[in-house]
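Structural features, examined
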Amino acid sequence: MRVVSGIQPTGDLHLGNLLGAILRWVRMQDEAQCLFFLADLHALTVEVDPSRLGASVREMAAALIASGIDPNKSIVFRQSAVAAHPELAWILQGTARMGWLNRMTQWKDKAGKNKEGSSVGLFTYPVLQAADILLYKATHVPVGEDQKQHVELTRDIALKFNTDFDVDLFVPPEPYIGGGTAARVMSLRDGNMKMSKTDPSDMSRINLTDSDELIGQKIRKAKTDPEPLPDDESALDGRPEAKNLVGIYAEVTGDSVEQVLQRFAGQGFGAFKPALADALIALLAPLRSRLEEFRKDPAELDRLLRSGSERATEIAAPTLAAAYDAVGLTR
Ligand code: TYM
């Protein structure tokens, strides 16, 4: 079992990232060799501010470590420091098909009506993601539901490459997605939209850097409906905001949705929301204070990331060499 996953270093780490990915990565560290990276090459597919990218990478690395990723157990690195990622991605561009990429919902969502004006990188983004995964022969890729399609595409690319070049090189990976709300944490403003760092409203998400007061305020203002909470999970269907908030509470406390409903059945959000805010603060406040500690030592963060990229480069080298070999570019 080998675990690989990444996160784009743009914007703040939010509750969706934490429940959908990072806190699940933390739990996998004792079960398998894990590689976690800051996907800074992926960040180039949309507009970036060159003067801020380096700081964003460090900030996200600090957030991961504060959340419990242990650089002594896991290999933590920046994607751009391991040249094998873009090298393999280029080789895989010959394998991926236009039709496959055209079907990617993230491409459709992000490009919207502006396909002609979008970067080529935004379109071929999932091929780089496939390289990220296949380079390390990852068996498990812990991600949120929104990345499932990209991991499935990675499987298709792996299988086609192996078949086309008659090799047994790439391991088709499994998307490893959390259950319940963790798979897809929704916006606090609209229960039909996922919580996202690109939502223009900061009130739609809880960030790792939010103060206790701000968490309380965001939960108080979170969209809900006028009904009290039901005693049965199926009665949450058709109530997306209620379902999301109850699901978040369950994830954060470790209780099941049924247990949460047993406790709050018949009560309105006036009673539930303060309990949810308290549970979130209990989870996030200790991570936030650790983040503040790690931020104070950027040199140490750089050292950790450098050491991570050296180890990742070593693991990636034989796979990359075999890929060159397979396509006839023996070096
Ligand atoms: P990114 O940076 O958008 O998100 C990082 C991780 O957080 C998960 N996530 C969510 N999970 C549940 N609910 C949400 N609302 C939510 N929002 C985000 C994402 O599914 C992801 O697991 N393309 C990737 C980064 C990447 C990658 C990879 C991942 C690059 N190469 C190789 C895995 C393997 C991305 O943009 O994630």
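Before reading further, recall that the structure is shown in the block above.
The text that follows walks through the structure, step by step, so that each part is easy to find.

What counts as what
- Each chain carries its own residue numbering, running from 1 in the written order of its sequence.
- Local features in this predicted model are restricted to residues of pLDDT 70 or higher, and side-chain atom pairs are both shown and tallied only at a pLDDT of 80 or more, whereas totals for entire chains, interfaces and linings draw on every residue.
- Side-chain calculation: all heavy atoms of the structure are included, whereas hydrogens and water are not.
- Elements are defined by DSSP. Helices are runs of H or I of four residues or more, strands are runs of E of two residues or more, and each kind is numbered from the N terminus.
- C-alpha atoms define the radius of gyration, and 2.2 Å times the number of residues to the power 0.38 defines the globule rule.
- When accessible area is computed with a 1.4 Å probe and restricted to protein chains, residues below 20% of their type maximum are described as buried, those above 50% as exposed, and intermediate ones as partly exposed.
- Contact criterion: two residues are considered in contact whenever any of their non-hydrogen atoms come within 4.5 Å of each other.
- Residue-level accessible areas treat just the shown protein chains as cover; the underlying method is Shrake-Rupley with a 1.4 Å probe.
- Axis lines are fitted through C-alpha atoms, for helices just across the contact stretch, and the angle between N-to-C directions can take any value from 0 to 180 degrees.
- Any angle that falls under 35 degrees is termed roughly parallel, while one over 145 is termed roughly antiparallel, one within 65 to 115 roughly perpendicular, and all others oblique.
- Helix crossings are classified by the rotation of the near helix relative to the far one: an anticlockwise turn of less than a right angle makes the crossing left-handed, while a clockwise turn makes it right-handed.
- Classification convention: Asp, Glu, Lys, Arg as charged; Ala, Val, Leu, Ile, Met, Phe, Trp, Tyr, Cys, Pro as nonpolar; all other residues, Gly among them, as polar.
- By definition, two strands form a pair when at least two bridges between them are found by DSSP.
- Assignment of crossover handedness uses the view with strands pointing away from the viewer, where a clockwise path from the first strand over the helix to the second indicates a right-handed crossover.
- Each residue after the first adds 1.5 Å to the expected span of a helix.
- Bending is quantified residue by residue as the angle between axes fitted to the seven-residue window ending at that residue and the seven-residue window starting at it.
- Put simply, a residue is near a molecule or strand once any heavy atom of it comes within 4 Å of that molecule or strand.
- For this analysis, a polar contact is any N or O atom pair within 3.5 Å, provided that within protein one partner can donate a hydrogen and the other can accept it, and provided that sequence-adjacent residues contribute only side-chain to side-chain pairs.

**Let's talk about the overall build of the protein chain**
Secondary structure summary: the protein chain contains 12 helices and five strands in total. Expected size for 331 residues packed as a compact globule is a radius of gyration near 20 Å; at 21 Å, the protein chain falls within 12% of this value. Counting only C-alpha atoms, the protein chain reaches 70 × 45 × 40 Å along its principal axes. Buried positions account for 50% of the 331 residues belonging to the protein chain. Across the protein chain, every contact between residues at least 6 apart in sequence was considered, and the portion connecting residues at least 24 apart equals 75%. Summed over its atoms, the accessible surface of the protein chain is roughly 14,900 Å², and 50% of this surface lies on carbon and sulfur atoms.

**Things to note about the packing of helix 2 (residues 50–66) against helix 11 (residues 269–295)**
Interhelical geometry of helix 2 versus helix 11 gives an angle of 135° and a closest axis separation of 8 Å. Looking at the two axes, helix 2 sits oblique to helix 11. In this structure, the crossing between helix 2 and helix 11 has a hand that is right-handed. Contact with helix 2, carried on its side by E59, A62, A63, I65 and A66, involves L287, R290, L291, F294 and R295 of helix 11 and no other residues of that element. Among the residues making up the contact of helix 2 with helix 11, the classes are represented as seven nonpolar, no polar and three charged.

**Re the pairing of strand 5 (residues 174–177)**
Pairing between strand 4 (residues 140–143) and strand 5: four bridges, direction parallel. Bridging from a neighbouring strand, H140 pairs with E174 of strand 5. Following the backbone out of strand 4, through helix 7 (residues 148–164) and into the adjacent parallel strand 5, one traces a crossover that is right-handed.

**Here we look at unusual backbone geometry**
At K137, a residue that is not glycine, the phi angle is positive and equals roughly 50°. Of note, K137 is situated in the loop between helix 6 (120–134) and strand 4. With relative accessibility at 32%, the residue K137 sits in the partly exposed group.

**Points about helix 11**
Over its 27 residues, helix 11 extends 36 Å from the first C-alpha to the last, a length consistent with the 39 Å expected when each residue adds 1.5 Å. Taken as a whole, helix 11 carries its principal kink of about 30° at L284; the proline P286 stands between one and four residues after it. By the burial criterion, the buried members of helix 11 are F269, F272, K273, L276, A277, A279, L280, I281, L284, L287, R288 and L291. Those residues of helix 11 hidden inside the fold are in contact with helix 1 (15–28), helix 2, helix 8 (212–221), helix 9 (240–253) and helix 10 (257–264).

**Some thoughts on the site of the ligand**
The immediate surroundings of the ligand are formed by 28 residues, with Y125, D132, G144, D146 and V185 found nearest. Within the side chain of D132, one N or O atom sits 2.6 Å away from a nitrogen atom of the ligand. Residue D146 places a side-chain N or O atom 2.4 Å away from an oxygen atom belonging to the ligand. Burial of the ligand by the protein amounts to 96% of the accessible area it has alone, namely 710 Å². Counting only elements with at least two residues in the shell around the ligand, the list comes to strand 1 (2–7), helix 1, helix 6 and strand 4.

So yeah, pure geometry; function would need other evidence.
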